[in-house]
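Residue-level structural notes
Residue-level listing of the chains:
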Amino acid sequence: MVSKIKERLPQLDLFRAFAIFCVIQVHASSFAAAEQALSSPIHYFYNGMNIFFRVGTSSFIFLSSFVLFYNYYSKSYTMERIGRFYKKRLLYIILPYVLVSCCYFFVVSWYTKTLFNLPVTELLGKLGIQLLTGSAYTHLYFVFISIQFYLLFPLLLWLIQKMGRSKVAVAWIIPIGLMLQWGFFVWNKYDLQLVNKGSFAPSYFSFYLLGAAVAVYFDYIKDWLSKGWSDSTKRQKIATASLWGGWLLLSMVDVQLYYMLRQRIYTASTYTFELVWNIHLLLSALVLLHAAFAVYRHASARWLRWLTRLGELSFAIYLFHPVVLLVYRHLRYRLIGEGIGLAYFLYIIGGAILALALSWGFTQFCFKRLPYASVILGNTPASLKKTKPLASVEDQASASF
């Protein structure tokens, strides 16, 4: 392998911006879609908001894999390089994960009145288990999954570099990911029966290896991503139309399946749910990537600055935004009472807007004003650093989702 400095891809910050927006929509609508608004005449909207946008975490997994393999695939495999890789993840991912998990643990313990009612040893034992399972708060499972993939990355990199010597072998990256993921699904369904299956890395192997495959073949794919519709070849137009059409169709099927489940109209098999979820979200990752390149070509400089900043702050916003929703939901009955009409609709939309805006403002303030904000919120965004950002994609890979 010959070490290469890879081109930095500013479109990836837009991808992150789209993905964190989707995450917040899902979290803001979760109770409305699953519990509180089942009898609402617009429950289909809440359900659609919750399912249509549930592409964020899997897309972040795809992107994290893409960035890592894009940056490291063409470089020589050395222990020094792997050591630097783990040092960055320890500082900018694992340490924030541990500290934020501790914060959420104590907030939840205080909120549920167990903080001062349980022995210290029992509290510490619960904290230890939650750190090892990513369960200190509902959203932290994703960071836990990312850590699992970081542990696997050097081995996967070595294997895919070996496969890269054969064009036939490297074409099996995506099928291997699907086989591993579905093998784990079947194993869990009939034997393991883990309730929190989604907290373990094998549940997302297809997304991770899709990211690896896109990185390996990126020199071929970039031409398609970089062209508008009028400049595309016939084959590229067919690929674009098939991708977006298939994604829209699977999105609607996914929304409909969950609507019928929640309204107790019809319950599909677990295989059906898993298959539709898998295809919907795989296509969504590619759609977000294609959209990021399209928006980067056409958006104004102001919109690009805003979206880039949002993407740079996405990890910190992901860690913090549940705090906003926790406080906001605590105020529900003071704001709207028991109703699920127009006031409830505005309450749900308001929660999504506030979660994004307040988290964005708070995390940006911390990075600008607090010297050690990166300890708990992850790597300082390139545009907020006093020194110039790196010209390569290495900086994007240092602490990305």
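Residues numbered from 1 in each chain as written. Predicted model: local features only at pLDDT ≥ 70, side-chain atom pairs only at ≥ 80, totals over all residues. Heavy atoms only, no water.

**Describing the overall build of the protein**
Tallying secondary structure elements over the protein gives 18 helices and zero strands in all. For the protein, the C-alpha radius of gyration of 21 Å lies close to 21 Å, the compact-globule estimate for 401 residues. The C-alpha extent of the protein, read off along each of the three principal axes, is 60 × 50 × 45 Å. A total of 401 residues make up the protein; the buried ones form 52% of that total. Across the protein, every contact between residues at least 6 apart in sequence was considered, and the portion connecting residues at least 24 apart equals 78%. (Helix = DSSP H or I, 4+ residues; strand = E, 2+ residues; numbered from the N terminus. Rg over C-alpha atoms; globule rule 2.2 N^0.38 Å. Buried < 20%, exposed > 50% of the residue type's maximum accessible area, 1.4 Å probe, protein only. Contact = heavy atoms within 4.5 Å.)

**Overview of the state of the cysteines**
Simply put, the disulfide is a covalent bond whose two ends are the sulfur atoms of two cysteines. One pass over the structure, following the stated rule, counts zero disulfides. Free of any disulfide, Cys103 has its nearest cysteine sulfur in Cys102, 7.0 Å distant. (Disulfide = S-S within 2.5 Å.)

**Focus on empty space enclosed by the protein**
The tally for this structure, following the rule as stated, stands at three cavities of 30 Å³ or more. If you add up the space inside the second largest cavity, you get close to 40 Å³. Surrounding the second largest cavity, Ile61, Ser64, Ser146, Phe149, Tyr150 and Tyr208 form its lining. Listed by contribution, the elements that provide at least two residues to the lining of the second largest cavity are helix H3 (56-72) and helix H6 (141-163). Take the lining of the second largest cavity: its biggest share by element is three residues, from H6. Residues belonging to the lining of the second largest cavity are distributed by class as follows: four nonpolar, two polar and no charged. (1 Å grid on protein atoms, 1.4 Å probe; cavity = no way out; pocket = protein on both sides within 12 Å on 5 of 7 lines; lining within 4 Å. Points joined across faces, edges and corners; volume = space filled by probe spheres on them. Nonpolar A, V, L, I, M, F, W, Y, C, P; charged D, E, K, R; others polar.)

**Some details on the side chain of Ser58**
Within the secondary structure, Ser58 sits in helix H3. With relative accessibility at 1%, the residue Ser58 sits in the buried group. Polar side-chain contacts of Ser58 include one of 3.3 Å to the backbone oxygen of Val55. Look past the residues within four positions of Ser58 in its chain and what remains in contact with it is Phe207 and Leu281. (Polar contact = N/O pair within 3.5 Å; in protein donor to acceptor, adjacent residues only side chain to side chain.)

**Some words on the environment of Arg262**
Within the secondary structure layout, Arg262 lies in helix H11 (residues 234-262). In this structure, the C-alpha to C-alpha distance between Arg262 and Ala33, residues 229 residues apart in sequence, is 8.1 Å. Ignoring sequence-local partners within four residues, the contact set of Arg262 consists of Ala33, Ala34, Leu38, His43, Asn47, Asn50 and Ile51. A polar atom in the side chain of Arg262 sits 3.1 Å from the side chain of Asn50.

**Structural notes on the layout of surface pockets**
Any space left empty among the atoms is revealed by the rolling of a water-sized probe across them. Its volume calculated, the largest pocket comes out at about 1500 Å³. Around the largest pocket, the lining comprises 49 residues; the ones closest to its centre are Val26, His27, Ser30, Thr138 and Tyr141. For the lining of the largest pocket, the leading source of residues is helix H1 (residues 11-36), giving nine residues. Counted by class, the lining of the largest pocket contains 29 nonpolar, 14 polar and six charged residues.

**What to know about the packing of aromatic side chains**
Two numbers describe a pair of aromatic rings. These are the distance of the centres and the angle of the planes. Per the counting criterion, the structure on display carries 38 aromatic pairs. A centroid spacing of 5.7 Å and a plane angle of 90 degrees characterise the contact between Tyr46 and Tyr344, whose relative ring orientation is edge-to-face. One end of the pair, Tyr46, is in helix H2 (residues 43-52); the other, Tyr344, is in helix H16 (residues 342-369), and 298 residues separate them in sequence. Of the two residues, Tyr46 and Tyr344, neither departs from the other in class, the shared state being buried. Centroid distance Phe52 to Phe53: 5.2 Å. Interplanar angle 90 degrees. Geometry classified as edge-to-face. Classification of Phe52 by relative accessible area gives partly exposed; the value is 23%. Classification of Phe53 as partly exposed rests on a relative accessible area of 22%. By the ring-pair criterion, three or more aromatic residues cluster together here, those being Phe69, Tyr72, Phe85, Tyr86, Phe149, Tyr150, Phe153, Phe205 and Tyr208. Over the ring of Tyr72 we find Lys75; its NZ or CZ atom is 5.7 Å from the centre of that ring. Against the face of Tyr190 rests Lys189, its NZ or CZ located 5.6 Å from the ring centre. (Phe/Tyr/Trp six-rings, centres within 6.5 Å; stacked < 30°, edge-to-face > 60°. Lys NZ or Arg CZ within 6 Å of the ring centre and 35° of its normal.)

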